[in-house]
Amino acid sequence: MSHALWYASRATGLVCLLLLSASVVLGLLGAGRFSTASWPRFVLGALHRNVSLLIVVFLTVHISTAVIDPYAGIGWISAVVPFTSAYHPLWLGLGAVAFDLLLALIVTSLLRTRLSLRLWRAVHWTAYACWPAALVHGIGIGGTDRTQPWALALDVLAVGSVLVALGFRLLASHPDTAARGAAVGSSWRS
Amino acid sequence: MSRRTPSPVTAPAPPSGSWRLLSGWAGSGRRETYSEHLARFGALPLAAYGGAAGRQRLVETVTASGLRGRGGAGFPTGHKLAAVASSRGRAVVVGNGCEGEPSSRKDRILAEYAPHLVVEGALVAAHATGAGEVHLCMHQGAPATAVLAEAAAAHRSRVNVAVVQVPGGFVASEESALANYLTRQDSRPTSKPPRVFEAGVGGRPTLVSNFESLANLALIARFGPAWFRSAGTAESPGTALITVDGAVRHPGVVEVPYGLTLAEVMGAAGGPTEALQALLVGGYAGHWVPAGAAAAPLSHAGLAAVGAAVGVGSVIALPAAACGVVETALVLRYLAGESAKQCGPCMFGLPAIAADFAALATGAAGRDPQVSQRLRRRLGEIDGRGACAHPDGAVRLADSAMRTFEADLREHLAGRPCGYAGQLPRLPLLQPGNGVVVAR
Amino acid sequence: MTTQGGSVRRTISEPAPWLLRVDPILCRAHGLCAELVPEVIDLDEWGYAKIHGQVAPLVLAEARAAVAACPTLALRLVRGQRSR
């Protein structure tokens with residue numbers, strides 16, 4: 001029974017990492033204004049939203065199984081308050097950090113039209129902290145999985161796709177951004 | 001030695017004839033001192049409008065006078081006062097003397113030669129709206145700023161009157177841009193809603209009124225709506241300060257009653273020096289009209305009937321020996337450069353139509369038959385789609401140019417430009433953003 | 001519909017229409033809105049949103065989706081003036 005819970009937690013954890021990486025990739029593509037004829041902007045945008053919400057499902061299983069499993073002795077509180085567990089406090093704590101940030105990202109995004117754009121954007125920038133925290137949490141707490149080829153391959157896939165998407169985002173340009181950027185330096189302020 | 005019976009104290013008579021705002025200058029040949037100003041016009045009778053009922057009566061007096069804004073839109077000032085007075089929050093009065101429009105000089109003339117009327121008008125507006133602070137705005141480097149500041153210091157009032165220097169720029173004097181600058185030192189227009197009368201400086205109801213409108217308030221408060229209406233027309237009462245420029249004998253600012261024809265207004269500036277082909281009425285964001293329209297009365301209704309508008313109150317005479325297409329192309333390029341670059345249709349659309357017009361002016365359009373059509377389509381696309389009316393002004397100018405210079409345009413399109421493209425332009429131009437260069 | 005003879009007179013007036021408004025300063029020409037509700041929103045030659053017409057009841061859901069999907073929250077759904 002304990003093994004089943006433990007395997008469930010590991011598996012759903014990996015799925016969460018992949019989904020989160022996919023979400024980050026989709027977000028970067030949107031910010032870089034990526035689209036094709038078969039993948040218009042609103043489809044990629046909806047995909048980004050739905051993948052992010054799907055993470056919550058798997059994350060619930062991932063956290064619950066880890067807490068219920070008596071082997072590690074993790075309390076519910078440690079899932080939310082970082083670095084409070086006796087079991088691998090640093091690696092688990094990073095997972096709690098990622099979870100907290102993800103909650104903030106999801107809640108502010110669901111309430112987006114009712115919040116100020118600046119608040120939503122400020123919270124959304126923490127995605128750049130959420131993803132690395134989740135990644136390092138997974139690698140750090142993975143233990144023996146660190147040496148498994150399939151686990152490493154998934155990690156490489158996650159990191160690789162995010163880096164490629166980041167490169168695309170940084171290289172992308174649009175006349176609107178260029179025109180506004182040029183205007184900022186001029187004489188509108190005293 | 002005879003005993004002199006004390007004569008009853010009488011208030012000075014209101015200005016008669018067409019000199020009203022500039023009657024001080026007309027009478028003394030220079031700017032009058034504060035005591036001369038009081039001797040000429042009498043004291044400002046704000047005490048007669050005390051209390052809430054008095055303030056209401058003041059607003060009604062202004063509405064009854066029919067005063068329309070002199071900043072370009074021609075909106076009834078009484079309605080503006082009422083709107084600000086009835087909005088929630090402590091009101092703010094902003095006097096707009098920036099005059100970013102290169103073709104207009106009337107506001108700086110007013111600040112230079114009748115500063116006390118401007119200050120008093122702002123105090124009247126503050127009283128009517130319950131405002132506690134007044135900001136009189138002029139562009140940085142305007143010479144009359146010191147004069148206005150000195151005049152403001154002479155008036156005793158519980159209202160705080162400050163003279164503010166605003167960064168240069170065509171759109172920096174738009175009402176929401178002024179409110180934005182006074183709130184967060186950013187002189188760019190903001191989106192509407194909210195309009196400034198609801199939420200302007202610091203989110204409070206703000207009255208933004210042109211210097212000339214304020215100066216008229218100072219006189220209406222003294223002499224009443226009936227006197228105000230004794231000059232001008234029924235729908236455009238009062239006098240107007242008009243900047244007359246171009247091919248006229250004595251270019252400058254004249255004060256004339258609304259209702260005089262454009263020809264008569266040019267006559268007040270010495271009349272044309274040569275045969276004219278067209279007039280630019282209402283500024284760079286105004287309308288071209290053919291010279292034949294000079295018989296139209298200068299009033300809101302009179303100009304609307306010939307497809308123009310009063311705008312900032314300037315009339316520029318374009319001689320026959322010039323090219324309206326070239327002049328328009330230069331102004332459009334200037335207007336494109338003055339975009340605040342906040343809204344797509346303006347920051348991309350204005351340079352696009354300026355380029356189209358330049359192609360028409362140089363005759364290069366002859367090789368591109370789509371230019372006219374594309375220009376027409378773009379004018380329709382850009383109009384009304386900015387956060388402020390800057391793109392609308394450029395569209396107005398281009399549209400009226402295409403109608404007024406139709407024959408000329410046909411020649412240009414046929415590859416036969418008139419050849420004036422190489423000469424110095426006849427319209428005064430500014431370098432975008434900074435400094436003044438008058439090209440003649 | 002009006003009835004003769006002094007009894008109830010009722011005029012059926014159109015309900016206040018829904019309108020989409022775009023804030024021109026916030027619009028950055030992303031174009032998701034034109035993908036979602038092309039019945040109301042077009043893009044000009046530079047990619048910025050252009051509203052043409054009202055939001056018909058049939059596309060109200062798409063209009064709401066467009067408001068939520070805009071990356072810069074430049075769209076608003078408002079009620080227009082009731083017409084008689």
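Residues numbered from 1 in each chain as written. Chains lettered and ligands numbered in written order. Predicted model: local features only at pLDDT ≥ 70, side-chain atom pairs only at ≥ 80, totals over all residues.

### Focus on the overall build of chain B
Here is step 1: Helix and strand counts for chain B stand at 16 helices and nine strands.
Here is step 2: A compact globule built from 440 residues should have a C-alpha radius of gyration of about 22 Å, and chain B, at 22 Å, falls within 12% of that.
Here is step 3: On the principal axes, the C-alpha backbone points of chain B span a range of 90 × 50 × 35 Å.
Here is step 4: Residues classed as buried in chain B amount to 57% of the 440 residues present.
Here is step 5: Taking the contacts inside chain B whose residues are at least 6 apart along the sequence as the reference set, 70% of them involve residues at least 24 apart. (Helix = DSSP H or I, 4+ residues; strand = E, 2+ residues; numbered from the N terminus. Rg over C-alpha atoms; globule rule 2.2 N^0.38 Å. Buried ≥ 20, exposed ≤ 12 C-beta atoms within 10 Å, placed from the backbone. Contact = placed C-beta atoms within 7 Å.)

### Some words on the overall build of chain A
Here is step 1: A tally of regular secondary structure across chain A gives eight helices and zero strands.
Here is step 2: Listed N to C, the secondary structure of chain A is α-α-α-α-α-α-α-α in terms of helices and strands.
Here is step 3: Considering only C-alpha atoms, chain A reaches an extent of 65 × 35 × 25 Å along its principal axes.
Here is step 4: Out of the 190 residues in chain A, the part that is buried amounts to 29%.
Here is step 5: Across chain A, every contact between residues at least 6 apart in sequence was considered, and the portion connecting residues at least 24 apart equals 62%.

### Thoughts on the pairing of strand β2 (residues 133-139) of chain B
Residues and elements named next belong to chain B.
Here is step 1: With respect to burial, β2 is a largely interior element, six of its seven residues being buried.
Here is step 2: Strand direction decides the pairing type here: strand β1 (residues 92-96) and β2, joined by five bridges, are parallel. Paired with V94 across the two strands is H135, which belongs to β2.
Here is step 3: Where β2 and strand β3 (residues 160-166) come together, seven bridges link them in parallel fashion. Bridge pairing links C137 to V164 in β3.
Here is step 4: Traced from β2 through helix α7 (residues 144-154) to β3, the parallel crossover comes out right-handed. (Pairing = 2+ DSSP bridges. Right-handed = clockwise from strand over helix to strand, strands pointing away.)

### Digging into the sheet that holds β1(B)
Residue and element names in this part refer to chain B.
Here is step 1: Here we have four strands laid out as an open sheet, ordered β3-β2-β1-β4, and parallel in their pairing. Edge strands, defined here as strands with exactly one partner in the open sheet, are β3 and β4 (206-210). Along the sheet, successive strands turn relative to each other by an average axial angle of 20 degrees, direction set aside. (Axes fitted to C-alpha atoms, helices over the stretch in contact; angles between N-to-C directions.)

### Quick word on the domain arrangement of chain B
Residues and elements named next belong to chain B.
Here is step 1: Looking at chain B, the domain boundaries give domain 1 (23-228), domain 2 (239-319) and domain 3 (324-422).
Here is step 2: On a C-alpha basis, the centres of domain 2 and domain 3 stand 22 Å from each other.
Here is step 3: With 11 residues of domain 2 at the interface, the matching set in domain 3 holds 11 residues.
Here is step 4: Elements with a contribution of two residues or more to the side of domain 2 that touches domain 3: β7 (276-281) and β8 (287-290).
Here is step 5: For the side of domain 2 that touches domain 3, the element with the highest residue contribution is β8, accounting for four residues.
Here is step 6: Each residue belonging to the side of domain 2 that touches domain 3 can be placed in one class, and the counts come to seven nonpolar, four polar and no charged. (Domains from an automatic or database assignment. Nonpolar A, V, L, I, M, F, W, Y, C, P; charged D, E, K, R; others polar.)

### Describing the interface of chain C and chain A
Here is step 1: Taken together, the contact between chain C and chain A spans 13 residues of the former and 10 residues of the latter.
Here is step 2: Of all elements in the fold, only α1 (32-36) and α2 (60-69) of chain C reach the threshold of two or more residues within the side of chain C that touches chain A.
Here is step 3: Within the side of chain C that touches chain A, the residues separate by chemical class into eight nonpolar, three polar and two charged.

### Quick word on the packing of helix α4 (residues 89-110) of chain A against helix α5 (residues 117-125) of chain A
All names here are of chain A.
Here is step 1: It is at 9 Å that the axes of α4 and α5 come closest, and there the two elements cross at 155 degrees. The pairing of α4 with α5 is recorded here as roughly antiparallel in orientation. The chirality of how α4 crosses α5 is left-handed. Here A104, L105 and T108 of α4 lie close against α5, whose contacting residues are L119, W120, V123 and H124.
Here is step 2: Here the contact of α4 with α5 is built from residues that sort into five nonpolar, two polar and no charged. (Parallel < 35°, antiparallel > 145°, perpendicular 65-115°, else oblique. Left-handed = near helix turned anticlockwise from the far one by under 90°.)

### So, the sheet that holds strand β5 (residues 239-246) of chain B
Residues and elements named next belong to chain B.
Here is step 1: In spatial order, the strands read β6-β5-β9-β7-β8; together these five strands make up an open sheet with mixed pairing. Sheet topology places β6 (252-257) and β8 at the edges, where each strand pairs with a single neighbour. Ignoring which end each strand starts from, the neighbouring axes of this sheet average 30 degrees apart.
Here is step 2: Strand direction decides the pairing type here: β7 and strand β9 (residues 314-319), joined by five bridges, are antiparallel. Along β9, the bridge assignment pairs L280 with I316.
Here is step 3: Running over the sheet, helix α15 (residues 390-404) touches β7 and β8 and is turned about 15 degrees from β8.

### As for the packing of helix α4 (residues 77-85) of chain B against helix α6 (residues 115-129) of chain B
Residues and elements named next belong to chain B.
Here is step 1: Running from N to C, α4 and α6 point in directions that differ by 45 degrees, and their axes come no closer than 8 Å. Relative to α6, the element α4 lies oblique. Of the residues in α6, those touching α4 at L81, V84 and A85 are A125, A128 and T129.
Here is step 2: In terms of residue class, the contact of α4 with α6 is built from five nonpolar, one polar and no charged.

### Observations concerning α2(C)
Here is step 1: Those residues of α2(C) lying buried are C:E62, C:A63, C:A66, C:V67 and C:A69.
Here is step 2: Tucked into the core, α2(C) has its buried residues touching α2 (41-68) of chain A together with β1 (18-22), α1, β2 (41-43) and β4 (75-79) of chain C.

### Brief notes about the nonpolar core
Here is step 1: Of all hydrophobic cores here, the largest spans 137 residues; its most connected members are B:V118, B:A122, B:L279 and B:L332.
Here is step 2: Not counting residues up to four positions away in its chain, the partners in contact with B:V118 are B:G95, B:L110, B:A111, B:L136, B:L148, B:F211, B:L214 and B:A215.
Here is step 3: A:L19, A:I55, A:L105 and A:A134 belong to the second-largest nonpolar core, a separate cluster that totals 33 residues. (Core = buried A, V, L, I, M, F, W, Y, C linked by C-beta atoms within 7 Å.)

### Regarding the environment of B:A91
All names here are of chain B.
Here is step 1: Examined against the element boundaries, A91 turns out to sit in the loop between α4 and β1.
Here is step 2: Looking at A91, the number of C-beta atoms within 10 Å reads 25, which means it is buried.
Here is step 3: Distance in space between the C-alpha atoms of A91 and E133 is 8.0 Å, their sequence separation being 42 residues.
Here is step 4: Leaving out residues up to four positions away in the same chain, A91 has contacts with V84, A85, T129, G130, A131, R204, P205, T206 and L207.

### Some points on unusual backbone geometry
Glycine aside, the phi torsion of most residues is negative, and most peptide linkages are trans.
Here is step 1: Going from B:K192 to B:P193, the amide bond is cis rather than trans, its omega being 5 degrees.
Here is step 2: The topology assignment puts B:P193 in the loop between α8 (175-184) and β4.
Here is step 3: Residue B:P193 is joined to B:P194 through a cis peptide bond whose omega torsion reads 0 degrees.
Here is step 4: Within the secondary structure, B:P194 is located in the loop between α8 and β4.
Here is step 5: At C:A29, a residue that is not glycine, the phi angle is positive and equals roughly 60 degrees.
Here is step 6: Here C:A29 is to be found in the loop between β1 and α1.
Here is step 7: Within the chain, C:L73 stands out as a residue other than glycine whose phi angle is a positive 55 degrees.
Here is step 8: Along the polypeptide, C:L73 turns up in the loop between α2 and β4.
Here is step 9: Since 18 C-beta atoms lie within 10 Å of it, C:L73 is described here as partly exposed.

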